Amino acid sequence: MQSADATTIVIFGITGDLAARKLLPALFNLACLGRLPESTRIVGFARRERSDEEVRELLREGVTSVGGMDGHLPEWDEFARGITYISGDLTDTDDYRKLDAHLTAFEGSGSTGRIYYLSVAPNLYARCVTELGAAGMSRENGEDWRRVIIEKPFGNDGVSAAALDRDVQAVFDESQVYRIDHYVGKETVQNLLYFRFLNSIFEPLWNRNYIESVQISALEEVGVEGRVDFYDQTGVVRDMFQNHLLQVLAMIAMEPPNSIDADALRNEKTKVLQAIRCPEPEHAVRAQYEGYTSLPGVAPGSTTPTYAAMMLRIDNWRWQGVPFFLRSGKALSTKSTEVVIQFREPPHLLMGAGQDSEAARIEPNILALRLQPDEGMHLRFMSKVPGGGTATRPVDMRFNYDDTFEGQAIPDSYVQLLDDVLRGDPSLFTRSDNIHAAWAVVDPLLEAWNDGNAPPPALYRVGSDGPSQADAMLANEGQRWLPG
Ligand code: BG6
């Protein structure tokens, strides 16, 4: 991996929520772990005039209140001394030149590495990248490297994503581009690959012959408060499905790559995403929580879904006939992200069925991969209840991160992802073809919902488990949502 004599991380939009909540805490963490190159400087760029001190103070307050860490530690003070700020207009080439001169002034004469983090409104991505190009800030030279990190959402649909790609690729080579999806950086999501490909017991079962269905759920308790402007334009499918849920699905369903090399991994992800059949509207449910349209800023009569569920089919040899049920929503009863694999029933029941009612309780085997919170996994299987008779009961074999890795906190995904960008490892970042394959899955459904004749979103109660229509969709397939 390349290292440079001077490394700079430029955060466009450093005074925003993401920087305080995620980026600065992650960088501070890396500094404490000794994983930030010694020479690293952090430079913030945003519109308002502010002094370095004011920005450091703002970030200290931010990380202390939302970042869950203490900005009053002496280590923070030392870390914060490496943060400088420069104000400028994201649409003005001269301000990028000013920024470039600011960076060059302290970079010295050795090799330089720069990361540009676009933590700004998505409609500014293209402009920002184009201006970086116009100011000559994307050029790599010998040992000097330049990388750009682009937050999701990458485009609003396949067409706009392709247009954004053209703008990005006019300035940066694909190898310089890191499209971030923070789900992929989660420990438990990364562990899906380790779980599948470092163990031999599950892989032989990991196909249509043994798996009945796969469920992927990302349920949230929070509503959209504070983010209405963004959310009402976006909705749950663009916000959660096109990226996070499809990335998780890809890791569950992809073929084993030949190696852990970034492109080998991403080739397999793209292949499986391309094999997903677009869901028919009758195999999808969109819903809105009650009261959503009364939130200040929501367009009158908005049909933006805050919840969706859909059944996907993967047209390939491994998964033919296996339904993948995905759901995600806000303002629900609980926060929980998990994958539940349901295995087929035994072909012939020797005991259990046809006996007394207690004995007839045959539950399918399930493997539940709990991504957050209470990270872990468990495998449910049937057992004989001790004592006379043939009574049976489902029981569990459990692995839980807290118990097994006691004392080892699970790092936030931004820690891993920023470390990867610093080391130049794109494995966990979304390649352009990946993004397009994912848009191709959801675009037709979004278009169908956009049609004036489409039925309006169903309603569900705040704090509930979501709309009954999502349960009915599974019931039609002879299934139900499985608690992990
Ligand atoms: C973000 C979405 O990408 O992911 C948010 O924009 C969502 O709407 C969040 O709340 C969920 O992330 P996590 O890590 O809390 O599951």
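Residues numbered from 1 in each chain as written. Predicted model: local features only at pLDDT ≥ 70, side-chain atom pairs only at ≥ 80, totals over all residues. Heavy atoms only, no water.

## Looking at the packing of aromatic side chains
Part 1 of the argument: For the structure shown, the criterion picks out 19 aromatic pairs.
Part 2 of the argument: Each ring, one from Phe28 and one from Phe79, has its centre 5.3 Å from the other, and the planes form 45°; the classification is tilted. Of this pair, Phe28 sits in helix α1 (residues 17-32) while Phe79 sits in helix α3 (residues 74-80); the two residues are 51 residues apart in sequence, bridging distant segments of the chain. For the pair Phe28 and Phe79, a shared accessibility class is recorded, and that class is buried.
Part 3 of the argument: Considering the side-chain rings of Phe399 and Phe405, the 6.1 Å spacing of their centres and the 90° angle between planes classify their relative orientation as edge-to-face.
Part 4 of the argument: On the accessibility criterion, Phe405 (36% relative accessible area) is partly exposed.
Part 5 of the argument: An aromatic cluster is defined as three or more aromatic residues linked by ring pairs; in this entry it consists of Phe12, Phe45, Tyr96, Tyr116 and Phe172.
Part 6 of the argument: Above the plane of the ring of Tyr183 lies Lys186, whose end atom (NZ or CZ) is 4.7 Å from the centre.
Part 7 of the argument: When the ring centre of Trp481 is taken as origin, the NZ or CZ atom of Arg327, which lies over that ring, is 4.1 Å away. (Phe/Tyr/Trp six-rings, centres within 6.5 Å; stacked < 30°, edge-to-face > 60°. Helix = DSSP H or I, 4+ residues; strand = E, 2+ residues; numbered from the N terminus. Buried < 20%, exposed > 50% of the residue type's maximum accessible area, 1.4 Å probe, protein only. Lys NZ or Arg CZ within 6 Å of the ring centre and 35° of its normal.)

## Points about helix α13 (residues 468-476)
Part 1 of the argument: Taken as a whole, α13 has its buried residues at Ala470, Met473 and Leu474. In a view along the axis of α13, the buried residues occupy a sector of 95°, so they form one face of it. Of the residues in α13, the exposed ones pointing more than 90 degrees away from the buried face are Ser468 and Asn476.
Part 2 of the argument: Those residues of α13 that are buried lie in contact with β7 (211-219), β9 (284-289), β10 (307-314) and β11 (324-329).
Part 3 of the argument: Downstream of α13 by one or two residues, Gly478 has phi in the positive range, about 75°. (Arc of directions from axis to C-beta. Contact = heavy atoms within 4.5 Å.)

## Structural notes on the packing of α1 against helix α2 (residues 52-65)
Part 1 of the argument: Look at α1 against α2: their axes get within 8 Å of each other, and the N-to-C directions meet at 95°. Taken together, α1 and α2 sit at an angle that is classed as roughly perpendicular. Of the residues in α2, those touching α1 at Ala20, Leu24 and Pro25 are Leu59, Gly62 and Val63.
Part 2 of the argument: In the contact of α1 with α2, the residues fall into five nonpolar, one polar and no charged. (Axes fitted to C-alpha atoms, helices over the stretch in contact; angles between N-to-C directions. Parallel < 35°, antiparallel > 145°, perpendicular 65-115°, else oblique. Nonpolar A, V, L, I, M, F, W, Y, C, P; charged D, E, K, R; others polar.)

## Points about the site of the ligand
Part 1 of the argument: Every residue lining the ligand is accounted for by Lys152, His182, Tyr183, Lys186, Glu220, Arg227, Asp239, Met240, His244, Lys330, Lys335 and Gln372.
Part 2 of the argument: Here an oxygen atom of the ligand sits 2.7 Å away from a polar atom, N or O, in the side chain of Arg227.
Part 3 of the argument: In the model, an oxygen atom of the ligand is placed 2.8 Å from a nitrogen or oxygen of the Lys335 side chain.
Part 4 of the argument: Protein chains bury 80% of the 390 Å² of accessible surface belonging to the ligand in isolation. (Near = heavy atom within 4 Å. Polar contact = N/O pair within 3.5 Å; in protein donor to acceptor, adjacent residues only side chain to side chain. Areas by Shrake-Rupley, 256 points an atom, 1.4 Å probe, with all protein chains shown as cover.)

## Notes on the environment of Ala299
Part 1 of the argument: Note that Ala299 resides in the loop between β9 and β10.
Part 2 of the argument: C-alpha separation for the pair Ala299 and Asp229, spaced 70 residues apart in sequence, amounts to 9.4 Å.

## Some points on the sheet that holds strand β2 (residues 41-46)
Part 1 of the argument: Within the open sheet, the six strands sit side by side as β3-β2-β1-β4-β5-β6. Their pairing is parallel. Edge strands, defined here as strands with exactly one partner in the open sheet, are β3 (83-87) and β6 (177-179). Across the sheet, the axes of successive neighbouring strands diverge by a mean angle of 20°, strand direction being ignored.
Part 2 of the argument: In this structure, strand β1 (residues 6-12) lies alongside β2, joined through five bridges in parallel fashion. Note on β2: the bridge partner recorded for Thr8 is Arg41.
Part 3 of the argument: Packing against the sheet, α1 makes contact with β1, β2, β3 and β4 (112-118), and its axis sits at approximately 165° to β1. (Pairing = 2+ DSSP bridges.)

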